[in-house]
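# Breakdown of the fold
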Amino acid sequence: MTNPETPSSTNEFMKGLWRENPVFVQVLGMCPVLAVSNTAMNALAMGLATAFVLLMSNLLVSLLRDFIPRQVRIASYILIIATFVTLTDYAIEAISLDLHKALGAFISLIVANCLILGRAEAFASKNGVGNAALDALGMGAGFTLALFCLGAVRELLGAGSLFGFAVLPGGFEPWIVMILPSGGFFTLAFWLIAIRIFERRRERRQTAEALQ
Amino acid sequence: MNEQPIWSIFVNAALVNNFVLAYFLGICPFLGVSQKVATAARMGGAVMFVMLVSSVCAFGIHHVLLAIGTPFLELIAFITVIASTVQLVEMIIRKFSPALFRALGIFLPLITTNCAILGLALFQTNREYDFVQCLAYALGAGVGFTLALVLMAGIREKLTLAPVPDVVEGTASALLVAGILSLTFMGFAGLGAQ
């Protein structure tokens, strides 16, 4: 749905949220998406941590894009990303020890999130600082949104609660499978199917309107 | 020091806590290179090799960094070693099997960002395995990854012939299959501790 009239800055931001959503459309960075989306809180924290690393590394890569030789660019990007991940890791440990325990090694594993390296290579290394920041914010927000969508559904069905508060009535039998690893695969599959059905319906409506 | 016996570490990493199906590590190649059994098996082999090398290196690096008192450099050192090992494997494969090089495509350099490998290095450090235990863990993780990848490819080869409703086609169906595989792997849960 690219509208040529929209100013490009809002476009850079909005594309990450929906049209090029990193999780639902590009299917990037799946490992943390599935692994730490068992509760809404973990999902949100993980999303924000990833968004922060994405923003900082996009900024730095964009600033340094004229100085990094092409042959060693991937190694340089990885080093930049690893630095910010180490920062984030220590910051989360200082802020909340419980959260750090719940997310475990997956904070360090942000380094290996293909979404971040992908954005550095495909966008930040070719664009100015402002656009790179907007791109990172949009992608980060889209990633957090997707993680939250998964985490909320899994926690609601798997434990009958949301952010740790019981939401569903006491008689509800929790679906343990939703908290187990396989629940992550199923939930993401159902989100993908739901989004595809929604897109189909919208396309059909648009073609119907175009015909009239 | 961790006193876990070698065989238990191996079985744990390969089956009970399978890296792909229980820890969700290495999902990108798991979904990306699982169309054909033959390619999947070779991809598994390449990953297993990188795992073994980087596990040995990670063991050394961990002890050196502890000795000089800079444990915060660990992550950066690990990822650099992994990236260089992947570069090496890429050159070897390009030299000896150009066909395989083409079949693996973008997923070969992406082994660098395969979280299964970095995860392996981080977990073995967390659990304070000694050198032999590290080797068993790396081997188990590699076997587990290859097993999951080949099983998935076998199912997807059959699935291409089956009439699948087109809303479920592609990633969604792959995820559903992965979910069912992950459920079956839970049957191994009684085999080991943790």
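Description of the structure in this document. (Residues numbered from 1 in each chain as written. Chains lettered and ligands numbered in written order. Predicted model: local features only at pLDDT ≥ 70, side-chain atom pairs only at ≥ 80, totals over all residues. Heavy atoms only, no water.)

Attention shifts here to the overall build of chain A. Check the secondary structure of chain A and you find 9 helices and 2 strands. The order of α-helices and β-strands along chain A, N terminus first, is α-α-α-α-α-α-α-β-β-α-α. Counting only C-alpha atoms, chain A reaches 60 × 60 × 25 Å along its principal axes. A fraction of 74% describes how many contacts in chain A between residues 6 or more apart in sequence connect residues 24 or more apart. Surface accessibility of chain A: about 10200 Å² in total, with carbon and sulfur atoms responsible for 67%. (Helix = DSSP H or I, 4+ residues; strand = E, 2+ residues; numbered from the N terminus. Contact = heavy atoms within 4.5 Å. Areas by Shrake-Rupley, 256 points an atom, 1.4 Å probe, with all protein chains shown as cover.)

Within chain B one finds 8 helices and 0 strands. In sequence order, chain B lays out its α and β elements as α-α-α-α-α-α-α-α. A compact globule built from 194 residues should have a C-alpha radius of gyration of about 16 Å, and chain B, at 17 Å, falls within 12% of that. Taken along the three principal axes of its C-alpha coordinates, chain B extends 60 × 45 × 25 Å. The buried share of chain B, taken over its 194 residues, is 49%. Accessible surface computed for chain B: about 8500 Å², of which carbon and sulfur atoms make up 72%. Charge separation in chain B, taken as the distance between the mean sites of 8 positive and 8 negative side-chain charges, equals 16 Å. (Rg over C-alpha atoms; globule rule 2.2 N^0.38 Å. Buried < 20%, exposed > 50% of the residue type's maximum accessible area, 1.4 Å probe, protein only. Lys, Arg positive; Asp, Glu negative; His and termini not counted. Charge placed at Lys NZ, Arg CZ, Asp CG, Glu CD.)

This part takes up helix H4 (residues 74–96) of chain B. When the terminal C-alpha atoms of H4(B) are compared, their 33 Å separation across 23 residues agrees well with the 33 Å that a helix rising 1.5 Å per residue should span. Those residues of H4(B) not exposed but buried are B:Glu74, B:Leu75, B:Ile76, B:Phe78, B:Ile79, B:Val81, B:Ile82, B:Thr85, B:Val86, B:Val89, B:Glu90 and B:Ile93. (Expected span 1.5 Å × (residues − 1).)

Given a rise of 1.5 Å per residue, 31 residues ought to cover 45 Å, and the 45 Å separating the end C-alpha atoms of helix H3 (residues 37–67) of chain B matches this to within 8%. Looking at the residues trailing H3(B), positive phi occurs at B:Gly69, about 75°.

This part covers the interface of chain A and chain B. With 35 residues of chain A at the contact, the number on the chain B side is 38 residues. Of the roughly 3100 Å² buried between chain A and chain B, counting both surfaces, carbon and sulfur atoms make up 83%. Counting every contact that joins chain A to chain B gives 0 salt bridges. The interface formed by chain A and chain B holds 1 residue pair in polar contact (both at pLDDT 80 or more) in total. (Buried area = accessible area lost by both parts, 1.4 Å probe. Salt bridge = Lys/Arg side-chain N within 4 Å of Asp/Glu carboxyl O. Polar contact = N/O pair within 3.5 Å; in protein donor to acceptor, adjacent residues only side chain to side chain.)

So, about the pattern of salt bridges. All names here are of chain A. One pass over the structure, following the stated rule, counts 3 salt bridges over all chains. Its salt-bridge partner being Glu121, residue Arg73 comes within 2.9 Å of it at the nearest N-O pair. Within this pair, whereas Arg73 is found in helix H4 (residues 73–95), its partner Glu121 is found in helix H6 (residues 114–124), the two being separated by 48 residues in sequence. What makes Glu121 partly exposed here is its relative accessible area of 25%. Note that Glu199 is salt-bridged to Arg202, the shortest N-O span being 3.5 Å. Placement of the pair is Glu199 and Arg202 together in helix H9 (residues 181–211), with a separation of 3 residues, close to one helical turn.

Take the packing of H4(B) against helix H6 (residues 115–126) of chain B next. Residue and element names in this part refer to chain B. It is at 10 Å that the axes of H4 and H6 come closest, and there the two elements cross at 135°. With respect to each other, H4 and H6 are oriented oblique. Between H4 and H6 lies a crossing whose hand is right-handed. Two secondary-structure elements touch here, H4 through Glu74, Leu75, Phe78, Ile79 and Ile82 and H6 through Ile117, Leu118, Ala121, Leu122 and Thr125. Class assignment for the residues of the contact of H4 with H6 results in 8 nonpolar, 1 polar and 1 charged. (Axes fitted to C-alpha atoms, helices over the stretch in contact; angles between N-to-C directions. Parallel < 35°, antiparallel > 145°, perpendicular 65-115°, else oblique. Left-handed = near helix turned anticlockwise from the far one by under 90°. Nonpolar A, V, L, I, M, F, W, Y, C, P; charged D, E, K, R; others polar.)

Take the packing of aromatic side chains next. All names here are of chain B. Applying the stated criterion to the full structure yields 7 aromatic pairs over all chains. Aromatic pair Phe19 and Tyr23: ring centres 5.9 Å apart, planes at 65°, arrangement edge-to-face. Among the aromatic residues, those joined into a cluster by ring pairs are Phe19, Tyr23, Phe123, Tyr129 and Tyr137. Over the ring of Phe123 we find Arg127; its NZ or CZ atom is 5.7 Å from the centre of that ring. (Phe/Tyr/Trp six-rings, centres within 6.5 Å; stacked < 30°, edge-to-face > 60°. Lys NZ or Arg CZ within 6 Å of the ring centre and 35° of its normal.)

This paragraph deals with a nonpolar patch on the surface. Together, B:Ile6, B:Val56, B:Phe131, B:Val132 and B:Leu135 line one region of the surface with nonpolar side chains, adding up to about 370 Å² of accessible area. For B:Phe131, the location among the structural elements is in helix H7 (residues 131–159). (Patch = residues over 30% accessible without salt bridge, like charges linked within 9 Å, V, L, I, M, F, W, Y side chains within 5 Å.)

Turning next to unusual backbone geometry. All names here are of chain B. Even without being a glycine, Phe24 presents a positive backbone phi close to 55°. Residue position: Phe24 is located in the loop between helix H1 (6–16) and helix H2 (27–32). Despite not being glycine, Glu128 has its phi angle at roughly 55°, a positive value. Inspection of the secondary structure puts Glu128 in the loop between H6 and H7.

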